[in-house]
Protein chains: 2
Amino acid sequence: MNEPFDAVDVIRTKRDRADLSSAQIDWVVDAYTRGVVAEEQMSALAMAILLNGMSRVEIARWTQAMIASGERMDFSGLSRPTADKHSTGGVGDKITLPLAPLVAVFGVAVPQLSGRGLGHTGGTLDKLESIPGWRAGLSNDEILAQLEDVGAVICAAGAGLAPADKKLYALRDVTGTVEAIPLIASSIMSKKIAEGTGALVLDVKVGSGAFMKDAAQARELARTMVELGTDAGVRTVALLTDMSVPLGRTAGNALEVRESVEVLDGGGPADVVDLTVALAVEMLDAAGRPTAESEVRAALQDGRAMDAWRRMIAAQGGDPDAELPVAKHNEQVRADSTGVLAELDAYAVGVAAWRLGAGRSRKEDPVQAGAGVEIHVRPGEQVVAGQPVMTLHSDTPERFDRARAALDGGWRVAPSGTPVARRPIVLDRIH
Amino acid sequence: MNEPFDAVDVIRTKRDRADLSSAQIDWVVDAYTRGVVAEEQMSALAMAILLNGMSRVEIARWTQAMIASGERMDFSGLSRPTADKHSTGGVGDKITLPLAPLVAVFGVAVPQLSGRGLGHTGGTLDKLESIPGWRAGLSNDEILAQLEDVGAVICAAGAGLAPADKKLYALRDVTGTVEAIPLIASSIMSKKIAEGTGALVLDVKVGSGAFMKDAAQARELARTMVELGTDAGVRTVALLTDMSVPLGRTAGNALEVRESVEVLDGGGPADVVDLTVALAVEMLDAAGRPTAESEVRAALQDGRAMDAWRRMIAAQGGDPDAELPVAKHNEQVRADSTGVLAELDAYAVGVAAWRLGAGRSRKEDPVQAGAGVEIHVRPGEQVVAGQPVMTLHSDTPERFDRARAALDGGWRVAPSGTPVARRPIVLDRIH
């Protein structure tokens, strides 16, 4: 086949700080998917993009090219509007679990096509798979039927959406080119736009446990994604949220399901509840069903959200009443002095949970349903010497030492009365 | 095997504009040679080096690591000092051919380990292979014996010198990362240092027909290479020379051998003679045998250089008296007006010669011994309408049209009396 461009010319264009033309972008993404542009060529281009950036026009075109590499879903036949949420990933981030049924309560369908976890942040599917019988894989017809019937689906994204992104992501992972904002934004947004949601709320996390440690970078990513969504006709808004401390009191698969059920039962940690409600309000607004925060909170208190959750789990073969798995072993991490918990680092807790077996290093690895970290004391709370600050859970006791090592220096007890700053959970809103 | 570093961490270090440690450099070059660092990882690193640069310390270590990837030659057992020359490549650059025997006349041995051409600049070995019987491949023992006996060897560099460079160069060629000064400098210098020459003169070309179009970049490359050589104990000096106009009156393999023999016979174009003499003076000086320019010129006039040439060619199986191949077909490019030749672009002539069959596009391609461009009129010389400005030679007449297209706009006749600026051949000296 006669190719209209040469990969080296395309690489040189970006290397020399010029904008790629739309035709160059369309070609290079397609030719990479076809294997005509080699992995080593795409990695050089990815590094040039990382270091030299891309214009808004280039990012939009790159995203469109990724979408064009695969199939598009269509929810326009549904009787209700759709809204989706994407989180850039954090420690203890189980928000999708209570959020999807909560939004469904108000007549907005939530097609939450999710992934599995890699590294220190857990994956939504891994969490739900700790529920006996629950299955992540649905056909497109099953997704549509469940959206119409239950109003919420959390399932695996099919391989048909943006296959170019899948290939490129695997390459970026081994070539130090993950941290390129244009590529992160187009990776996320190509899948969300191809999925066909009408509205999208982005939860862009910032802090030690997040992918973006730096607020300015997180804000740039959020802005870029909001522009991409808007340009593609998806009503998109982003919340910048804090990920310096783990969300809630659990990090781990079954542990987080249990906490989510507490939230759906009207309880649960305040930060998880607050963020769930804030995102639900944004999703309902973006979907054209503006709803007061108090009404949304009421649906957590009066059992409507729990009903939607039970139907959503049951529709995918899960037993909402089943006992959740518990790890075979646990150990406690105790305070060595009395005072106030001054610090609890999200990254340290995330790595500990990962090492305990809640996460995976390679995408082929299995995860332990019961493994993870339970947090008994949160920053600002009092603690007495010898009191358990955390409980570590794992099926494999040889993992405890490395998990404890990850936590070393990641939490700190200060003398009572030491003021502990609290960051609000929602730092900013970009629309 | 347990690797001391992770490729992604090394890539990230350079990506984030930090210096690579010596241990990181040693590891990444060695691990790449072993295949542990993948091609797509090295290409991302090469792009990061191209865009973020390297310190003098990093470049020196990178060069040492490339040298350590292969064998080193040793000329210390020779009865005479050694001096080598490297040119960054230009159109009509046949200087090595008269230069090596000329320097040998004065008791300095010249081990000229060369390569084949790729693209619009010809390769020294391709040129010499147009001499019937001449062979490029010599064993290390043959090289040493010929240096002792004749004093000059032009032959193929063995695959044993800096194999990491060979692998990396092939990768850079397809990933848009050729134009990184640290990588160009370390590529050239690793081979020259591993070759074991005591002195080295670099001919760094600048202008349309050169790899470096820009004088500032060429100067930076020259300075970097002089530092690398000096740091490695090789007496190194660089001349910055003009490559906006082809060197001499020929570009092509046998055509350039014929012109070189004219120079060795005391004739030849002034620019070729001047540059040959200038480089010989530098090589003799760097080798500790300083010789006046007039003495060097005398050796071209009195037949001593020609004698050395004949012995050098004969030692490698070539017949110095054999008829050189002539292309089967030729066509003339004629002036369409009367006046003065105001311009003759080196790049245009180089591409024309290449398209006529003198060069290759891929390293597996054969070259035509007789193909190329003969230049009858040089810039500043008078020309009459209809007079031949150039003769094109090729065995394959279908190539003439594309060669003519390459020359279009590459030369220009101005009204008689128009002043034509002449650049000196040697623009600067860096030591």
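Residues numbered from 1 in each chain as written. Chains lettered and ligands numbered in written order. Predicted model: local features only at pLDDT ≥ 70, side-chain atom pairs only at ≥ 80, totals over all residues. Heavy atoms only, no water.

1. Section: the overall build of chain A
Right, so step 1: Looking only at helices and strands, chain A has 16 helices and 13 strands in total.
Right, so step 2: A globule of 431 residues ought to have a C-alpha radius of gyration of about 22 Å, and chain A, at 22 Å, matches this closely.
Right, so step 3: Across its three principal directions, the C-alpha atoms of chain A cover 70 × 45 × 40 Å.
Right, so step 4: Sorting the 431 residues of chain A into buried and exposed places 56% on the buried side.
Right, so step 5: Contacts in chain A between residues at least 24 apart in sequence constitute 79% of all its contacts with a sequence separation of at least 6.
Right, so step 6: Distance between charge centres in chain A, computed from 45 positive and 58 negative side chains, equals 2 Å. (Helix = DSSP H or I, 4+ residues; strand = E, 2+ residues; numbered from the N terminus. Rg over C-alpha atoms; globule rule 2.2 N^0.38 Å. Buried < 20%, exposed > 50% of the residue type's maximum accessible area, 1.4 Å probe, protein only. Contact = heavy atoms within 4.5 Å. Lys, Arg positive; Asp, Glu negative; His and termini not counted. Charge placed at Lys NZ, Arg CZ, Asp CG, Glu CD.)

2. Digging into the sheet that holds strand β12 (residues 411–414) of chain A
Two orientations exist for strands paired in a sheet by backbone hydrogen bonds: parallel and antiparallel.
Residue and element names in this part refer to chain A.
Right, so step 1: Read from one edge of the open sheet, 3 strands run β10-β8-β12, paired in antiparallel fashion. Edge strands, defined here as strands with exactly one partner in the open sheet, are β10 (382–383) and β12.
Right, so step 2: With 4 bridges connecting them, strand β8 (residues 339–344) and β12 associate as antiparallel partners. From the neighbouring strand, Leu-341 faces β12, where its bridge partner is Val-413. (Pairing = 2+ DSSP bridges.)

3. Looking at the sheet that holds strand β9 (residues 372–375) of chain B
All names here are of chain B.
Right, so step 1: Reading across the sheet, the 4 strands line up as β6-β9-β11-β7 and stay open at both edges, with antiparallel pairing between neighbours. What marks the edges here is a single partner per strand, and that holds for β6 (250–252) and β7 (329–334). Neighbour-to-neighbour, the strand axes of the sheet open up by a mean angle of 15°, direction not taken into account.
Right, so step 2: Strand direction decides the pairing type here: β7 and strand β11 (residues 388–394), joined by 6 bridges, are antiparallel. Of the residues in β11, the one forming a bridge with Glu-331 is Leu-392.
Right, so step 3: Across the sheet, helix α11 (residues 253–264) is in contact with β6, β9 and β11; its angle to β6 comes to roughly 140°. (Axes fitted to C-alpha atoms, helices over the stretch in contact; angles between N-to-C directions.)

4. Some points on the confidence of the model for chain A
The predicted coordinates of low-pLDDT regions are not to be read in fine detail.
Right, so step 1: Mean pLDDT over chain A works out to 94, with 99% of the residues at or above the 70 mark.
Right, so step 2: For this predicted complex, the interface confidence comes out at an ipTM of 0.85, alongside a pTM of 0.86. (pLDDT = per-residue confidence, 0-100.)

5. Notes on the packing of aromatic side chains
Residues and elements named next belong to chain A.
Right, so step 1: In total, this model carries 2 aromatic pairs over all chains according to the counting rule given.
Right, so step 2: Consider the rings of Phe-5 and Trp-27, whose centres lie 6.0 Å apart with planes at 50°: the pair is tilted. One end of the pair, Phe-5, is in the segment before α1 (7–15); the other, Trp-27, is in helix α2 (residues 22–34), and 22 residues separate them in sequence.
Right, so step 3: On the accessibility criterion, Phe-5 (28% relative accessible area) is partly exposed.
Right, so step 4: A cation over a ring is seen here: Lys-167 above Tyr-32, with NZ or CZ 4.4 Å from the ring centre. (Phe/Tyr/Trp six-rings, centres within 6.5 Å; stacked < 30°, edge-to-face > 60°. Lys NZ or Arg CZ within 6 Å of the ring centre and 35° of its normal.)

6. Overview of the relation of the copies chain B and chain A
Right, so step 1: Turning chain B through 180° and shifting it by 0.1 Å along the axis lays it on chain A, with an RMSD of 0.1 Å. Each copy turns onto its partner about a two-fold axis. Rotation axis and chain B: the residue whose C-alpha lies nearest the axis is Glu-40 of chain B, separated from it by 2.0 Å.
Right, so step 2: Counting the interface residues of chain B, we find that 95% of their copies in chain A are interface residues as well, pointing to one common contact surface. (Least-squares fit on C-alpha atoms with pLDDT ≥ 70 in both.)

7. A few points about the interface of chain B and chain A
Right, so step 1: If you look at the interface, chain B gives 22 residues, while chain A gives 21 residues.
Right, so step 2: Summing both sides of the interface, chain B and chain A together bury roughly 1,700 Å²; the carbon and sulfur share of this comes to 64%.
Right, so step 3: A per-residue breakdown of the area chain B buries against chain A is headed by Arg-15, Glu-40 and Leu-51 of chain B, which together make up 33% of the total.
Right, so step 4: We note a salt bridge from Arg-15 of chain B to Glu-179 of chain A, for which the minimum N-O separation is 2.7 Å.
Right, so step 5: Where chain B touches chain A, the interface holds 11 residue pairs in polar contact (both at pLDDT 80 or more).
Right, so step 6: Secondary-structure elements contributing two or more residues to the side of chain B that touches chain A are α1 (7–15), α3 (39–52) and α8 (163–174) of chain B. (Buried area = accessible area lost by both parts, 1.4 Å probe. Salt bridge = Lys/Arg side-chain N within 4 Å of Asp/Glu carboxyl O. Polar contact = N/O pair within 3.5 Å; in protein donor to acceptor, adjacent residues only side chain to side chain.)

8. Regarding the pattern of salt bridges
Right, so step 1: Inspection of the entire model under this criterion finds 60 salt bridges over all chains.
Right, so step 2: Here Glu-179 of chain A and Arg-12 of chain B are joined by a salt bridge, their closest N and O atoms 3.3 Å apart. Here the residue Glu-179 of chain A occupies a position in the loop between α8 (163–174) and α9 (181–195), and Arg-12 of chain B occupies one in helix α1, the pair thus bridging two chains.
Right, so step 3: Of the charged contacts in the structure, one is a salt bridge between Glu-256 of chain B and Lys-127 of chain B, with a shortest N-O distance of 3.0 Å. Placement of Glu-256 of chain B in helix α11 and of Lys-127 of chain B in helix α6 (residues 124–128) is noted, with a sequence separation of 129 residues between them.
Right, so step 4: Overall, the relative accessible area of 3% leaves Glu-256 of chain B in the buried class.

9. Remarks on the nonpolar core
Right, so step 1: Ranked by size, the top nonpolar core spans 130 residues in total, and within it Trp-62 and Val-204 of chain A together with Trp-62 and Val-204 of chain B carry the most contacts.
Right, so step 2: The residues contacting Trp-62 of chain B, other than those within four sequence positions of it, are Ile-25, Val-28, Val-29, Met-42, Leu-45, Ile-49, Met-54, Leu-168, Leu-183 and Ser-186 of chain B. (Core = buried A, V, L, I, M, F, W, Y, C linked by side-chain atoms within 4.5 Å.)

10. A word on the side chain of Thr-224 of chain B
Residue and element names in this part refer to chain B.
Right, so step 1: Position of Thr-224 relative to the elements: it lies in helix α10 (residues 215–231).
Right, so step 2: For Thr-224, a relative accessible area of 5% gives the class buried.
Right, so step 3: In terms of polar contacts, Thr-224 uses its side chain to reach the backbone carbonyl oxygen of Glu-220, at 2.7 Å.
Right, so step 4: Setting aside residues no more than four positions away along its own chain, Thr-224 makes contact with Ile-59, Ile-181 and Ala-185.

11. Details of the pairing of strand β2 (residues 110–114) of chain B
Residue and element names in this part refer to chain B.
Right, so step 1: Of all 5 residues in β2, 5 are buried; the element is thus mostly enclosed.
Right, so step 2: Residues of β2 alternate between two faces, with Val-110, Gln-112 and Ser-114 on one and Pro-111 and Leu-113 on the opposite face, all of them buried.
Right, so step 3: Relative to strand β3 (residues 152–156), β2 is paired through 5 bridges, and the arrangement is parallel. Within the sheet, the bridge partner assigned to Ser-114 lies in β3 and is Ala-156.

12. Structural notes on the domain arrangement of chain A
Right, so step 1: Assigned domains within chain A: domain 1 (7–68), domain 2 (83–159 + 169–315) and domain 3 (329–414).
Right, so step 2: On a C-alpha basis, the centroid separation for the pair domain 1 of chain A and domain 3 of chain A is 42 Å. (Domains from an automatic or database assignment.)

13. A short note on the pairing of β9 of chain B
Sheet faces and side chains relate simply in a regular strand, where the side chains alternate between the two faces.
All names here are of chain B.
Right, so step 1: In this structure, β6 lies alongside β9, joined through 3 bridges in antiparallel fashion. Each residue of the ladder has a partner; that of Thr-250, found in β9, is Glu-374.
Right, so step 2: Here β9 pairs with β11 via 4 bridges, running antiparallel. Bridging across to β11, Val-373 finds its partner in Leu-392.

14. Re the packing of α2 of chain A against α8 of chain A
Residues and elements named next belong to chain A.
Right, so step 1: The N-to-C vectors of α2 and α8 enclose an angle of 80°; their axes lie 9 Å apart at closest approach. One way to sum up the angle between α2 and α8 is to call them roughly perpendicular. Contacts between α2 and α8 involve Val-29, Tyr-32 and Thr-33 on the former and, on the latter, Ala-164, Lys-167, Leu-168 and Leu-171.
Right, so step 2: A class-by-class count of the residues in the contact of α2 with α8 yields 5 nonpolar, 1 polar and 1 charged. (Parallel < 35°, antiparallel > 145°, perpendicular 65-115°, else oblique. Nonpolar A, V, L, I, M, F, W, Y, C, P; charged D, E, K, R; others polar.)

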